[in-house]
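Survey of secondary and tertiary structure
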Amino acid sequence: MRVRLIIAMAALGLAVGLIWCGPKVASGKEQGDKADQCSVTVFPISVKPGKNMSLDFRTTGATVVGAFLERSDLKDVQLGQSEFVPPDTDDVTEIAADFGRFVGKHPIKTKYALFAQFVGTPKTGAKAIVTIVVDRKGKVVL
């Protein structure tokens, strides 16, 4: 399952990075103020059920996602210093609201914060990937 998670994290990082910074114009310069928007704090990933996933693995997962975000032209990628523990629910709206409140109480230096949760087991692999992005005030944006 760990190899599958790393592949999924790489895909997640690339996808979010491309959404954020968008394509470059023919001159090679970034469009408008997109460069200012390219800053994110990545919090340790969550694995559900995560009985055997240590904080070290979840933090390493955040590092992998952050590395791929940087490869996607995000200019300022940081790792969250606190761990967000999502509520035990499948309701993405509730998880997003909780993450927003968490970020509101744990100030970040970047413009956005990212949290990802992988749902699956070693036998089934990743069944779903929940990705939540909030601004520094905790407002859900993705």
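Overview of the structure. Worth saying up front: this structure is predicted, and the values here are computed from it rather than measured.

Before going further, it helps to examine the layout of surface pockets. There is about 220 Å³ of room inside the largest pocket. Lining the largest pocket are 16 residues, and of these S46, V47, V85, P86 and Q117 lie nearest its centre. Per element, the largest residue contribution to the lining of the largest pocket is three residues, and it comes from strand β2 (residues 46-48). Residue composition of the lining of the largest pocket, by class: eight nonpolar, four polar and four charged. Roughly 160 Å³ of internal volume is contained in the second largest pocket. T41, F43, Q78, L79, G80, Q81, S82, H106, P107, I108 and K109 are the residues that line the second largest pocket. Broken down by class, the residue content of the lining of the second largest pocket amounts to four nonpolar, six polar and one charged.

The next subject is the nonpolar core. In this structure, F43, F99, V103, A113 and I132 are the most contacted members of the largest nonpolar core, which totals 13 residues. Among the elements of the structure, α4 (92-105), β4 (112-121) and β5 (125-135) are those that each provide at least two residues to this core. Among residues more than four places away in sequence, those in contact with F43 are A62, G80, S82, F99, F102, V103, I108, A113 and L114. Membership of the second largest hydrophobic core comes to eleven residues, among which are C38, A62, Y112 and L114.

This part covers the side chain of S39. Structurally, S39 can be placed in strand β1 (residues 39-42). Given the relative accessible area of 9%, S39 is considered buried. A polar side-chain atom of S39 sits 2.8 Å from the main-chain amide nitrogen of K111. Other than its neighbours up to four places away in sequence, S39 contacts L74, D76, T110, K111 and Y112.

Criteria and thresholds
Residues numbered from 1 in each chain as written. Predicted model: local features only at pLDDT ≥ 70, side-chain atom pairs only at ≥ 80, totals over all residues. Heavy atoms only, no water. 1 Å grid on protein atoms, 1.4 Å probe; cavity = no way out; pocket = protein on both sides within 12 Å on 5 of 7 lines; lining within 4 Å. Points joined across faces, edges and corners; volume = space filled by probe spheres on them. Helix = DSSP H or I, 4+ residues; strand = E, 2+ residues; numbered from the N terminus. Nonpolar A, V, L, I, M, F, W, Y, C, P; charged D, E, K, R; others polar. Core = buried A, V, L, I, M, F, W, Y, C linked by side-chain atoms within 4.5 Å. Buried < 20%, exposed > 50% of the residue type's maximum accessible area, 1.4 Å probe, protein only. Contact = heavy atoms within 4.5 Å. Polar contact = N/O pair within 3.5 Å; in protein donor to acceptor, adjacent residues only side chain to side chain.

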